[in-house]
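The primary structure of each chain is shown beneath.
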Amino acid sequence: MKLSVGIFFGGFFAALGVLIFLVAFGTDYWLLATEIGRCSKAPEDAGGEKATFHHEGFFWRCWFSGNVGENNASMWNFWYTNQSPSKNCTHAYLSPFPLIRDEHNSTSYDSAIIYRGFWTVLMLLGVLTVVMASFFIICAAPFASHILYKAGGGFFIIAGVLFSLVVVMYVIWVQAMADLENYTNMKKMDCPDFAVYVRYGWSFMLAPIGVFFALLAGMLFLLVGRAIYLHSD
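Here the structure is a predicted model, which is why all the values come from computation and not from measurement.

Some thoughts on the overall build of the protein chain
Turning to step 1, where the next piece is worked out: The helix and strand inventory of the protein chain stands at five helices and five strands.
Turning to step 2, where the next piece is worked out: Tracing the protein chain from N to C terminus, the helices and strands come up as α-β-β-β-β-α-α-α-β-α.
Turning to step 3, where the next piece is worked out: Among the 233 residues that make up the protein chain, the fraction classed as buried is 42%.
Turning to step 4, where the next piece is worked out: Sequence separation of at least 24 residues holds for 74% of the intrachain contacts in the protein chain that already meet a minimum separation of 6.
Turning to step 5, where the next piece is worked out: About 12,500 Å² of surface is accessible on the protein chain, with carbon and sulfur atoms providing 67% of the total.

Now the structure itself:
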């Protein structure tokens, strides 16, 4: 009875962890930024100050225009129903958001590219590991194999550790490598009232939740594997 309960909750937490990891991996809302500042005095700007909203993830970096509101840093500005019908997107695999290569020092760009490359590799390894862990658990269920349960649990723990590193590296990248201060100062040379608001998005916030469920499922499956092994003797 206890073994069945352990397998059930292990599978439940594992399914949640896999689902959350895949959603965090596949959605482009790890980082949200709002740029505000009127750089032109042309008549067409008289209709009100405009804002540019950026959001980026593993695959894409997108931006769209909108009107300046009361709370420009709110995450709700990036909700699907609040976005512009049309927006621009570019690949973000090695893009040090929100900078553009032609607008900053090449040394800082190259450093950010290398750091972002390590983050990309860890992200891919984490997704691959959690998929392999799921495969081991699915194969273990029909045969009640303690080896497969332990292997699956171990891979879930490894996936949790990898995604923990992904989250930590992303925070360091945004705070230290993205060079947002220089980007803002460069923009203020043409737009004195320029301001940028940066915050982490819901894709980023999902990752630690997935880490928790993956680690919990991994420990449960290790205990299940050990219990099966002890009962088989």
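Still to come is the rest of the account.
Some points on the pairing of strand 3 (residues 60-67)
Turning to step 1, where the next piece is worked out: By the bridge criterion, seven bridges tie strand 2 (residues 50-56) to strand 3 in an arrangement that is antiparallel. The residue bridging Glu-56 from the neighbouring strand is Arg-61, located in strand 3.
Turning to step 2, where the next piece is worked out: Between the antiparallel neighbours strand 2 and strand 3 lie three residues.
Turning to step 3, where the next piece is worked out: When strand 3 meets strand 4 (residues 88-91), the two strands line up antiparallel, connected through four bridges. The residue bridging Trp-63 from the neighbouring strand is Asn-88, located in strand 4.

Brief notes about helix 1 (residues 2-26)
Turning to step 1, where the next piece is worked out: A rise of 1.5 Å per residue sets the reference length of helix 1, with its 25 residues, at 36 Å; its end C-alpha atoms lie 36 Å apart and thus fit the reference within 8%.
Turning to step 2, where the next piece is worked out: Every buried residue belonging to helix 1 is among Gly-6, Gly-10, Phe-13, Ala-14, Gly-17, Val-18, Ile-20, Phe-21, Ala-24 and Phe-25, and all of these are buried.

A look at the nonpolar core
Turning to step 1, where the next piece is worked out: Counting 41 residues, the largest nonpolar core has Trp-30, Trp-119, Met-123, Tyr-149, Phe-156, Tyr-170 and Phe-221 as the members making the most contacts within it.
Turning to step 2, where the next piece is worked out: Sorting the residues of this core by element identifies helix 1, helix 2 (106-143), helix 3 (146-177) and helix 5 (202-232) as the ones contributing at least two each.
Turning to step 3, where the next piece is worked out: Of all hydrophobic cores here, the second largest spans eight residues; its members include Ile-36, Ala-51, Phe-53 and Phe-78.

Some thoughts on the packing of aromatic side chains
Turning to step 1, where the next piece is worked out: Applying the stated criterion to the full structure yields 23 aromatic pairs.
Turning to step 2, where the next piece is worked out: Between Tyr-29 and Trp-202, the aromatic rings sit 4.7 Å apart at their centres with planes inclined by 25°, giving stacked as the arrangement. A residue pair is termed long-range when its members are at least 10 positions apart, and Tyr-29 in the loop between helix 1 and strand 1 (31-36) and Trp-202 in helix 5 qualify at 173 residues. Both residues of the pair, Tyr-29 and Trp-202, count as buried.
Turning to step 3, where the next piece is worked out: Their ring planes at 45° and their centres at 5.1 Å tell us that Trp-119 and Tyr-170 sit as a pair that is tilted. One end of the pair, Trp-119, is in helix 2; the other, Tyr-170, is in helix 3, with 51 residues separating them in the sequence. For the pair formed by Trp-119 and Tyr-170, the shared burial category is buried.
Turning to step 4, where the next piece is worked out: Within the aromatic cluster, the residues linked to one another by ring pairs are Phe-25, Trp-30, Phe-58, Phe-59, Trp-119, Tyr-170, Tyr-200 and Phe-204.
Turning to step 5, where the next piece is worked out: Across from the ring centre of Tyr-229, 5.0 Å away, lies the NZ or CZ of Lys-150, which sits over that ring.

Rules behind the numbers
- Residues numbered from 1 in each chain as written.
- Predicted model: local features only at pLDDT ≥ 70, side-chain atom pairs only at ≥ 80, totals over all residues.
- Heavy atoms only, no water.
- Helix = DSSP H or I, 4+ residues; strand = E, 2+ residues; numbered from the N terminus.
- Buried < 20%, exposed > 50% of the residue type's maximum accessible area, 1.4 Å probe, protein only.
- Contact = heavy atoms within 4.5 Å.
- Areas by Shrake-Rupley, 256 points an atom, 1.4 Å probe, with all protein chains shown as cover.
- Pairing = 2+ DSSP bridges.
- Expected span 1.5 Å × (residues − 1).
- Core = buried A, V, L, I, M, F, W, Y, C linked by side-chain atoms within 4.5 Å.
- Phe/Tyr/Trp six-rings, centres within 6.5 Å; stacked < 30°, edge-to-face > 60°.
- Lys NZ or Arg CZ within 6 Å of the ring centre and 35° of its normal.

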